[in-house]
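These are the residues of each chain, in order.
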Number of protein chains: 2
Amino acid sequence: MDYKQMEQSLKAVSDETRMLILKYLSKEALCICEFTELLDMSQPAISQHMRKLKQAGLICEEKRGRWTIWSLNEKHGLFEVLASLLALLPEPERTVESLIAEGKKVNCN
Amino acid sequence: MDYKQMEQSLKAVSDETRMLILKYLSKEALCICEFTELLDMSQPAISQHMRKLKQAGLICEEKRGRWTIWSLNEKHGLFEVLASLLALLPEPERTVESLIAEGKKVNCN
DNA sequence: TGCATACATAAGCGCTTGCTTATATAATGA
DNA sequence: TCATTATATAAGCAAGCGCTTATGTATGCA
């Protein structure tokens, strides 16, 4: 891997919001509207973070109906390192389980 | 490790110049004036990169005479991850050996 | 004592980042 | 068909980044 590529990938990761997004995605695929709930952030803000992660090749999108489902790209050259980084981080307070309990989890299967 | 701390550490790493500095330091301790030669950069620019890496706790300084000798902080929580990241990067074109050959390597022992 | 060396720090400047608000697009459903 | 939903995109703006030049500080040496 060259320096520029690693720089771009690490810059994409080194943001608290995006680290949270990646932490959630390390457990399950999610869509934008779920992140706006989980992170209590505006939809454009989340969309822009997703774009940055996608440009770095760290996540994949899959359009399904109105939703775009995002997941970690396991084929990224830094996937293993990323996984060990995410493992060092605590579980976020707001969980996907609590979303389900509140009936806010989208069912896009 | 909390999110803010990892964000600060990764932000410090995710810069091409600083990745090069860390790559050199993964082999041996060096001082500022050697980096100005190795990276062909101004002294203040290097000093400011060092300050950023030090604030993130990634490197240690040791004052010896007029020189400040910098080395990797092996006790940093991300040291192992950092080492595996640096291992993925190619050797820089300009080597410390070439500095020695040109008589530009400082001997501060 | 005086000058050179090694380094730190500060101000300034152009560029990037991450949010906001506003708007566009595309799919779904009554 | 028309409103709703999910998402993308654009413009604008404050804050941060990385360099420059200028200057301060401490050490070593003649």
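In this numbering scheme, every chain counts its residues from 1 along its sequence in written order. Written order determines the labels here, with chains lettered from A and ligands numbered from 1. Per-residue local features of the predicted model are confined to residues with pLDDT of at least 70, and side-chain atom pairs are confined, for both listing and counting, to 80 or more; whole-chain, interface and lining totals are unaffected and use all residues. Remark: hydrogens and water are excluded; side-chain values derive from all non-hydrogen atoms of the structure.

Per an unreviewed UniProt entry, chain A carries the name ArsR family transcriptional regulator and comes from Planococcus maitriensis.

### Some points on helix α2 (residues 16-25) of chain A
Residue and element names in this part refer to chain A. Only protein chains enter the accessibility calculation, which uses a 1.4 Å probe; a residue is then buried when its area is under 20% of its type maximum, exposed when over 50%, and partly exposed in between. What counts as a helix is a DSSP run of H or I of at least four residues, what counts as a strand is a run of E of at least two, and both are numbered from the N terminus. For α2, a buried count of nine out of 10 residues is recorded, marking the element as mostly surrounded by other parts of the structure. The set of residues buried in α2 consists of Thr17, Arg18, Met19, Leu20, Ile21, Leu22, Lys23, Tyr24 and Leu25. Its side-chain oxygen 3.1 Å from the backbone nitrogen of Thr17, Asp15 forms the N-cap of α2. Here a polar contact is taken to be a pair of N or O atoms separated by no more than 3.5 Å, where protein atoms must pair a possible hydrogen donor with a possible acceptor and residues adjacent in sequence count only if both atoms sit in side chains.

### So, the protein's contact with DNA strand C
If you check the shell around DNA strand C, you find 24 residues, and the closest are A:Ser42, A:His49, B:Cys33, B:Gln43 and B:Ser47. Counting only the atoms of DNA strand C within 4 Å of the protein, the fraction contributed by sugar and phosphate is 67%. Between a base oxygen of DNA strand C and a side-chain N or O atom of A:Gln48, the distance comes to 3.0 Å. B:Gln48 is positioned such that a nitrogen or oxygen atom in its side chain is 3.2 Å from a base nitrogen of DNA strand C. Think of it this way: one heavy atom of a residue within 4 Å of a molecule or strand is enough to make that residue near it.

### Points about the sheet that holds strand β3 (residues 67-72) of chain B
Residues and elements named next belong to chain B. By the convention used here, strands pair only if DSSP detects at least 2 bridges between them. Overall, antiparallel pairing links the three strands, which are arranged β1-β3-β2 in an open sheet. The sheet is open, and its two edges are formed by β1 (30-31) and β2 (59-64), each paired on a single side. In terms of strand pairing, β1 meets β3 through two bridges, oriented antiparallel. Following the sheet pairing, Leu30 is matched in β3 by Trp70. Helix-sheet contacts for helix α2 (residues 16-25) involve β1, β2 and β3, and the interaxial angle to β3 is about 90°. Note on contacts: a residue pair is in contact if any heavy atoms of the two residues lie within 4.5 Å. Axes here refer to lines fitted to C-alpha atoms; in helices the fit is confined to the stretch in contact. Angles between the N-to-C directions go from 0 to 180 degrees.

### A short note on the side chain of A:Glu34
All names here are of chain A. Within the secondary structure, Glu34 sits in helix α3 (residues 32-39). When its relative accessible area of 1% is taken as the criterion, Glu34 is described as buried. Looking at Glu34, its side chain comes within polar contact range of the main-chain nitrogen of Cys31, at 3.0 Å. If sequence neighbours within four positions are ignored, Glu34 has contacts with Leu99, Lys105 and Val106.

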